[in-house]
Amino acid sequence: MVDTIYRNLRRPDGTVVDLSIADGRIAAMEPAGRIAPGRAQVVDGSGQLLLPALVESHVHLDKTLWGLPWRPHSAGATLKDLIANERRVLREINVPIEKRAGSLLENCIARGSLHIRSHIDVDPELGLRHVEAMLSLREAYRDVVELQFVAFPQTGLLIQPGTAALMERALAMGVETVGGLDPAGIDNDPIRHLETIFDLAAKHGRGVDIHLHDAGELGLWQIERIADFTESRGLAGKVMISHAFCLGMVPTTQIEALGRRLADLRISLMTTAPSDIAAPPVAFLKALGVTICCGSDGIRDAWSPFGNGDMLERAMLLAQRFDWRKDDELASAFDSATTAGARALGLAGYGLAPGHAANFILLPTENLGDALARRPHQRTVVSRGRAVARDGRFLEPRQR
Ligand SMILES: [Zn+2]
């Protein structure tokens with residue numbers, strides 16, 4: 001039975017619709033005025049822009065210092081310096097993950113992300129502590145947000161003996177996806193690294209999400225090997241490569257065949273739209289059929305003081321990174337923060353269609369381009385038919 005009707009909502013194409021909701025799902029979306037109210041509660045959308053809930057495809061909730069006093073950045077310049085520095089910082093602050101990650105999660109929800117993939121550090125020093133905390137956090141917010149996890153070997157896989165076994169235990173505990181990290185640059189043994197994570201994924205019927213920072217030819221060679229393993233282990237459609245800076249370091253003619261291979265194997269890419277290093281040429285690869293989503297990566301943590309969890313802002317940064325200004329280009333940037341993210345994460349029933357979860361945001365903006373350009377603080381976030389955030393504030397706070 002329909003319990004709520006949202007009236008007078010504007011779609012990006014300018015049409016005005018009403019949305020009826022039953023048991024947290026979209027029952028119907030019809031031109032304005034066609035849905036009879038019956039006994040349902042009626043909410044006037046006042047012509048606000050209706051957009052699907054945002055998808056955060058790559059974040060590290062367990063690392064964040066969100067909600068804590070400002071901490072000056074203390075790391076050296078290399079990847080290894082950053083990793084060692086983070087261990088020091090997290091040891092020193094000693095604030096429970098549930099509190100730090102919970103505060104950030106509430107902020108992400110308040111800005112409209114209702115589908116989130118978070119990586120979780122797993123290594124012999126931390127054991128499964130971060131995994132346990134994040135699983136309990138997921139339970140605490142299960143009614144509001146869809147969280148999925150990646151077991152992430154942040155300090156290395158082969159160079160930290162015991163990590164693979166811990167990752168396997170993390171999968172048994174409920175983590176969905178097997179992570180990886182620079183098979184060459186960090187582990188110095190790319191084939192054995194890839195063999196380990198792909199075998200783990202194949203054995204448990206899971207996907208893989210690899211952080212690949214390795215540059216130039218070395219990075220490209222590893223993407224070829226990732227494609228080989230995806231093919232040989234039967235994991236087409238279940239693999240994501242995060243960052244993949246190397247794809248932006250050579251002329252596009254040099255990556256065309258590789259791009260087609262990624263598209264064929266449905267290997268998706270995640271970019272943060274970095275400003276300090278090359279990024280995969282998004283428009284070129286999308287035209288070949290590659291799914292490219294975007295994510296925040298670390299938000300206010302020992303890696304960087306920046307990030308605010310607003311995926312509308314991330315879409316704007318993506319557009320800005322490639323100097324996109326036209327409406328169709330802005331729509332493509334928005335796609336990376338919504339539909340492409342949902343496809344990359346394998347979400348079922350995502351988007352504004354009857355039968356899908358009633359997860360959407362309402363914005364006082366003229367259209368999609370205006371939404372990306374202004375990213376107003378005023379927005380209503382509706383999760384499973386229920387308004388859970390308004391004007392940047394989560395309405396059901398669970399962190400004190
Ligand atoms: Zn990351």
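Residues numbered from 1 in each chain as written. Predicted model: local features only at pLDDT ≥ 70, side-chain atom pairs only at ≥ 80, totals over all residues. Heavy atoms only, no water.

### Remarks on helix H7 (residues 256–264)
Every buried residue of H7 is listed here: Leu258, Gly259, Leu262 and Ala263. Each buried residue of H7 sits inside an arc of 145° when the element is viewed along its axis, so together they form one side. For H7, the exposed residues lying more than 90 degrees away from the buried face are Ala257 and Asp264. Tucked inside the fold, the buried residues of H7 contact helix H6 (216–232), strand S11 (239–243), strand S12 (268–271) and helix H8 (282–287). (Buried < 20%, exposed > 50% of the residue type's maximum accessible area, 1.4 Å probe, protein only. Helix = DSSP H or I, 4+ residues; strand = E, 2+ residues; numbered from the N terminus. Arc of directions from axis to C-beta. Contact = heavy atoms within 4.5 Å.)

### Concerning the coordination of the zinc ion
The coordination sphere of the zinc ion, as far as protein atoms go, consists of His58 (NE2), His60 (NE2), His211 (NE2) and Asp297 (OD), spread over 2.1 Å. Geometry at the zinc ion is irregular, judged from the four donor atoms that bind it and their angles of 91 to 166° at the metal. Counting gaps between the donor residues of the zinc ion yields the pattern H-x1-H-x150-H-x85-D. A residue pair is termed long-range when its members are at least 10 positions apart, and His60 in the loop between strand S6 (54–59) and helix H1 (79–93) and His211 in strand S10 (residues 208–212) qualify at 151 residues. His60 gets classed as buried once you look at its relative accessible area, which sits at 3%. (Donors = N, O, S within 2.8 Å, 3.2 Å for Na, K, Ca; no water. Tetrahedral: all angles 85-135°; square planar, octahedral: opposite > 155°, others 65-115°.)

### With respect to the environment of Lys63
Structurally, Lys63 can be placed in the loop between S6 and H1. Sequence-wise, Lys63 and His119 are 56 residues apart; in three dimensions their C-alpha atoms are separated by 9.4 Å. Once you skip the residues sitting within four places of it in the chain, Lys63 turns out to touch Glu86, Leu90, Arg100, Asp121, Gln154, Asp301 and Trp303.

### Focus on the nonpolar core
Residues Phe198 and Leu247 are the most contacted members of the largest nonpolar core, which totals 92 residues. Once residues within four sequence positions are removed from consideration, Leu247 is found in contact with Leu220, Ile223, Ile255, Leu258, Leu262, Leu269, Pro280, Pro281 and Leu285. In terms of nonpolar packing, the next biggest core, distinct from the first, is built from 13 residues, Tyr6, Ile21, Leu50 and Leu362 among them. (Core = buried A, V, L, I, M, F, W, Y, C linked by side-chain atoms within 4.5 Å.)

### Some details on the packing of aromatic side chains
Counted under the stated rule, the structure contains four aromatic pairs. Arranged with centres 5.6 Å apart and planes meeting at 25°, the rings of Phe198 and Phe229 form a pair that is stacked. Separated by 31 residues along the polypeptide, Phe198 in helix H5 (residues 190–204) and Phe229 in helix H6 bring together distant segments of the chain. Residue Phe198 shares its accessibility class with Phe229, and that shared class is buried. With a centroid separation of 5.5 Å and 25° between ring planes, the pair formed by Phe322 and Trp324 is classed as stacked. Its relative accessible area of 10% is what places Trp324 among the buried residues. (Phe/Tyr/Trp six-rings, centres within 6.5 Å; stacked < 30°, edge-to-face > 60°.)

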